[in-house]
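So the chains spell out like this:
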Amino acid sequence: MVPLALRAAASWPARRWGAAAAAAVLTALVVGVPTAVIPTPLFSRAVATPWWAWPTLALTALLAGLLLATYVRAPAAAASAAEAATQWPSTRRSSTRLGTVGGALSFFAVGCPVCNKLVLLALGTSGALTVWQPLQPVLALASLTLLAVATVRRLAGEAACPVAPAA
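Below you will find a few notes about this structure. Nothing here was measured: the structure is a model prediction, and the numbers come from that model. (Residues numbered from 1 in each chain as written. Predicted model: local features only at pLDDT ≥ 70, side-chain atom pairs only at ≥ 80, totals over all residues. Heavy atoms only, no water.)

## A short note on helix H2 (residues 14–32)
Moving on, step 1. For H2, built from 19 residues, the straight-helix expectation of 27 Å at 1.5 Å per residue is met to within 8% by its first-to-last C-alpha distance of 26 Å.
Moving on, step 2. Buried residues of H2: Arg16, Ala20, Ala23, Ala24, Thr27, Ala28, Val31 and Gly32, and no others. What you see down the axis of H2 is that its buried residues fit within an arc of 135°, all on one side. Relative to its buried face, H2 has exposed residues pointing more than 90 degrees away, namely Ala14, Val25 and Leu26. (Helix = DSSP H or I, 4+ residues; strand = E, 2+ residues; numbered from the N terminus. Expected span 1.5 Å × (residues − 1). Buried < 20%, exposed > 50% of the residue type's maximum accessible area, 1.4 Å probe, protein only. Arc of directions from axis to C-beta.)

Set out below in structure tokens:
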């Protein structure tokens, strides 16, 4: 399934690659700034950023960028023959759900455990540090897995069902 996905991405026009790059940068900012993984004067962290938060943020941005770019339609003349496969409602809904949940999990995974108001309300400060913080790397792996599965499904769908574009 992965070679099909790679073949589909290799045939993308420049417009889709541009959308992927823009979506990756936007995702990095949307996840990284409020969680203070990317330091700004707007937000700060009470707990230091763990080493694994940076690769998680980078991979989240990369996978989300690729996934979001699969929703960009290519011009009719340059449309890949398999573009119609991405329009299957069941594949689209399933990938959208996986990608959405994966993106949300990555936000919770890289965020400061005691800066998250939901976690503080549910567990308190000591629970955030003793229960939530050790779970964050697991959430990071789960989020990256969901984003990867969603991306591979969308890309494989593009390559699996070649259909000639309408004239």
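Having seen it, we continue.
## Observations concerning the nonpolar core
A general trend in soluble globular proteins is that nonpolar side chains are found buried together.
Moving on, step 1. Within the largest apolar cluster, 15 residues are counted, with the highest numbers of intra-cluster contacts made by Val37, Trp52, Ala53, Val110 and Val114.
Moving on, step 2. Sorting the residues of this core by element identifies helix H3 (53–69), helix H4 (89–110) and helix H5 (117–160) as the ones contributing at least two each.
Moving on, step 3. With five residues, the single largest contributor to this core is H5.
Moving on, step 4. When sequence neighbours within four positions are dropped, the list of residues in contact with Val114 reads Ala46, Val47, Leu120, Thr125, Ala128 and Leu129.
Moving on, step 5. Within the second largest apolar cluster, seven residues are counted, among which are Ala9, Trp12, Ala69 and Leu155. (Core = buried A, V, L, I, M, F, W, Y, C linked by side-chain atoms within 4.5 Å. Contact = heavy atoms within 4.5 Å.)

## Points about the packing of H2 against H3
Moving on, step 1. Packing of H2 against H3 brings their axes to within 7 Å, and their N-to-C directions diverge by 140°. Relative to H3, H2 is oriented oblique. Here the hand of the crossing between H2 and H3 comes out right-handed. Side by side, H2 and H3 meet where Arg16, Trp17, Ala19, Ala20, Ala23, Ala24, Thr27, Ala28, Val31 and Gly32 of the first sit next to Leu57, Thr60, Ala61, Ala64, Gly65, Leu66, Leu68 and Ala69 of the second.
Moving on, step 2. Among the residues making up the contact of H2 with H3, the classes are represented as 13 nonpolar, four polar and one charged. (Axes fitted to C-alpha atoms, helices over the stretch in contact; angles between N-to-C directions. Parallel < 35°, antiparallel > 145°, perpendicular 65-115°, else oblique. Left-handed = near helix turned anticlockwise from the far one by under 90°. Nonpolar A, V, L, I, M, F, W, Y, C, P; charged D, E, K, R; others polar.)

## Details of the side chain of Thr70
Moving on, step 1. Here Thr70 shows up in the loop between H3 and H4.
Moving on, step 2. For Thr70, a relative accessible area of 1% puts it in the buried group.
Moving on, step 3. Beyond its immediate stretch of four places on either side in the chain, Thr70 contacts Trp12, Arg16, Arg154, Leu155 and Glu158.

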